[in-house]
Amino acid sequence: MEAVVRTGATFFGYESLNRVSFLRNDVEFVRKSLQHKSTVFVPFVQGEALVRGQEEPELCLLTLQDGWFPMARVVDKLLPVLNSQAARVVESGANLTFLGLKSSDGDDVFQYRSSYSGVPYYAVDFRTSGGTLIQAAELEPLLQCARVDRKLIFEMSNETASLYSHAKMYLDWLAKYHFCPGCGSVMFPVDAGTKMQCGNADRSVACNVRDAAVNNVCFPRTDPVVIVAIATKDFSRICLAHSKRWVHDTLYSTVAGFMEPAETVEQACSREIWEETGIRCRDITLVSTQPWPYPANLMIGCVGLVEPNGVDEKINLSHDNELMDAQWFDVEEVIEAMDRYDGSGVVKFKKSDITFPGSTAIAFHLIKFVCDRYKRSLGSL
Ligand SMILES: [Zn+2]
């Protein structure tokens, strides 16, 4: 199997767009970019993207000039309701969000003021019902397209998968959050679908969201997850864990868990390591991070180093009872196994056959990081 195309970024972490976040609240920018002939739309239906093509399915993208789907008509309907209550998906039938500008050398790319140019990218999620501005019948050509399935995404290029991930995380948030957490009023999208505004117009009713000078409750949420490879200080041994959730396979991987409020990344790693494996580890270093659109996570990849002293490295799975097994492996053996590993499938070890995480997962790169540091310590890298 050919390795997934990489460009130095983790999978889902390839940024091909300039998000120009400061232009999202510029209504003129939004209106003009929505109507530009180069603008690309990533269509979703009921929260999932679409694919076109039978032989080599590709993520479905639209422009205003495509003959097979009347995107221009959709934009004409959405323009008058932007930044108003009527933009809510239950009234408009679509959630729209601006993704960014893609640099291009073409002559006819979008230009804004003298400083900003590129191909504008938007994502749109159609959720029609009987009374919506956009009607299901108008979507007929799109409804003929297959929905993206999770397996297919991992076979796409990192650039395409990252575009999908970016769109999906915003659209998932727009679809899920309808009511103001301050007063319970309906919210509506503003700033090109990247922020939600409390719709409570009654000033006699207090709302600590609407009335706050600074607030952060109506922005999309990202849930941070720490994921950490545990190794000895000399990188010669690595602890890999087998979760009870993976009862039907032989996957051994790193440990991971959600960060909690008022924790540092380092504290969250140390806590997860101890809770899951019993290992005491305080030496945590950030390695890399990965957006993960299932549904809205940021995987914060770290390595935790342990100085074996007969106590700190001892494995004890009885604290939170999440793991079926955890073992210290010789990194030399892991390196040999990794050399035979093509990003998927089973790897033969001396003691048993185990499976590594796929090469699109940050866990794979954390294990590889430990292997590379060990090789470097031997002077072989
Ligand atoms: Zn409110």
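Residues numbered from 1 in each chain as written. Predicted model: local features only at pLDDT ≥ 70, side-chain atom pairs only at ≥ 80, totals over all residues. Heavy atoms only, no water.

With an unreviewed UniProt entry as reference, the chain is termed NAD(+) diphosphatase, source organism Torulaspora globosa. Under the UniProt heading Sequence similarities (unreviewed entry), the entry covering the chain gives this text: "Belongs to the Nudix hydrolase family. NudC subfamily." (UniProt positions renumbered as here; feature names shortened; annotations may be inferred.)

Peer 1: How should I be thinking about the overall build of the chain in this particular structure?
Peer 2: A count of helical and extended segments in the chain gives 9 helices and 17 strands. Oriented by its inertia axes, the alpha-carbon framework of the chain measures out at about 70 × 55 × 45 Å. Residues counted as buried form 51% of the 381 residues belonging to the chain. Contacts spanning at least 24 positions in sequence make up 67% of the contacts within the chain whose residues lie at least 6 apart. For the chain, the exposed area adds up to about 18300 Å²; of that, 51% sits on carbon and sulfur atoms. Positive and negative side-chain charges in the chain, numbering 38 and 48 respectively, have mean positions lying 3 Å apart. (Helix = DSSP H or I, 4+ residues; strand = E, 2+ residues; numbered from the N terminus. Buried < 20%, exposed > 50% of the residue type's maximum accessible area, 1.4 Å probe, protein only. Contact = heavy atoms within 4.5 Å. Areas by Shrake-Rupley, 256 points an atom, 1.4 Å probe, with all protein chains shown as cover. Lys, Arg positive; Asp, Glu negative; His and termini not counted. Charge placed at Lys NZ, Arg CZ, Asp CG, Glu CD.)

Peer 1: Sorry if this is basic, but what is going on with the packing of aromatic side chains here?
Peer 2: Each aromatic ring pair is described using two quantities: the centre-to-centre distance and the angle formed by the ring planes. Evaluated as defined, the whole model comprises 19 aromatic pairs. Between F12 and F154, the aromatic rings sit 5.4 Å apart at their centres with planes inclined by 75 degrees, giving edge-to-face as the arrangement. Pair noted here: F12 is in the segment before α1 (27-34) and F154 is in the loop between α5 (150-153) and α6 (158-176), with a separation of 142 residues, a long-range link. On the basis of relative accessible area, F154 is assigned to the buried category, the value being 18%. Aromatic side chains F110 and Y112 sit 6.3 Å apart centroid to centroid with 15 degrees between the ring planes, which places their arrangement in the stacked category. The same class applies to F110 and to Y112, which are both buried. An aromatic cluster is defined as three or more aromatic residues linked by ring pairs; in this entry it consists of F29, F41, F98, F110, Y112 and Y122. A cation over a ring is seen here: R52 above W68, with NZ or CZ 3.8 Å from the ring centre. The lysine or arginine in question, R150, covers the ring of Y294, its NZ or CZ lying 3.8 Å from the ring centre. (Phe/Tyr/Trp six-rings, centres within 6.5 Å; stacked < 30°, edge-to-face > 60°. Lys NZ or Arg CZ within 6 Å of the ring centre and 35° of its normal.)

Peer 1: When you look at the pairing of strand β14 (residues 297-306) in this model, what are you seeing that I'm missing?
Peer 2: A regular strand places its side chains on the two faces of the sheet in alternate fashion. Most of β14 is tucked away: 9 of the 10 residues are buried. Looking at chain direction, strand β10 (residues 223-232) and β14 are connected through 10 bridges and run parallel. Bridge assignment links V225 to a residue of β14, and that residue is M299. Sheet topology places strand β13 (residues 283-292) next to β14; 9 bridges connect them, and they run antiparallel. Its bridge partner lying in β14, I284 is registered against G304. Where β13 folds back onto β14 in an antiparallel hairpin, the turn is made up of 4 residues. (Pairing = 2+ DSSP bridges.)

Peer 1: Explain the pattern of salt bridges here, please?
Peer 2: Once the charged atoms of two side chains with opposite charge are near each other, the side chains can pair. Evaluation of the coordinates by the stated rule reveals 20 salt bridges. Here E28 and K32 are joined by a salt bridge, their closest N and O atoms 2.8 Å apart. In this pair, E28 and K32 are both assigned in helix α1, 4 residues apart and thus about one turn of the helix distant. According to the relative accessible area criterion, E28 is partly exposed, its value standing at 42%. For K32, a relative accessible area of 44% corresponds to the partly exposed category. By sharing partners, the salt bridges in this structure join E263, R271, E272 and E275 into a single network. (Salt bridge = Lys/Arg side-chain N within 4 Å of Asp/Glu carboxyl O.)

Peer 1: Whenever I open this one, helix α2 (residues 71-78) confuses me. Can you help?
Peer 2: In an α-helix, one full turn covers 3.6 residues, which means residues spaced three or four apart are oriented alike. Within α2, burial applies to M71, V74, V75 and L78. End-on view of α2: buried residues confined to an arc of 100 degrees, all on one side of the axis. Check the buried side of α2 and you find it contacts α1, β1 (40-45), α3 (89-92), β4 (94-102) and β6 (116-126). (Arc of directions from axis to C-beta.)

Peer 1: Got a minute to help me understand the coordination of the zinc ion in this structure?
Peer 2: Coordination angles at a metal have ideal targets, namely 109.5 degrees for four tetrahedral donors and 90 or 180 degrees for six octahedral donors. Binding of the zinc ion to the protein goes through C180 (SG), C183 (SG), C198 (SG) and C207 (SG), at separations of 2.2 to 2.5 Å. What the 4 donor atoms of the zinc ion show is an angle range of 99 to 120 degrees at the metal, which sorts the shape as tetrahedral. Along the chain, the residues donating to the zinc ion fall in the pattern C-x2-C-x14-C-x8-C. Here C183, found in the loop between α6 and β8 (187-190), pairs with C207, found in the loop between β9 (195-198) and β10; they are 24 residues apart in sequence, far enough to count as distant. (Donors = N, O, S within 2.8 Å, 3.2 Å for Na, K, Ca; no water. Tetrahedral: all angles 85-135°; square planar, octahedral: opposite > 155°, others 65-115°.)

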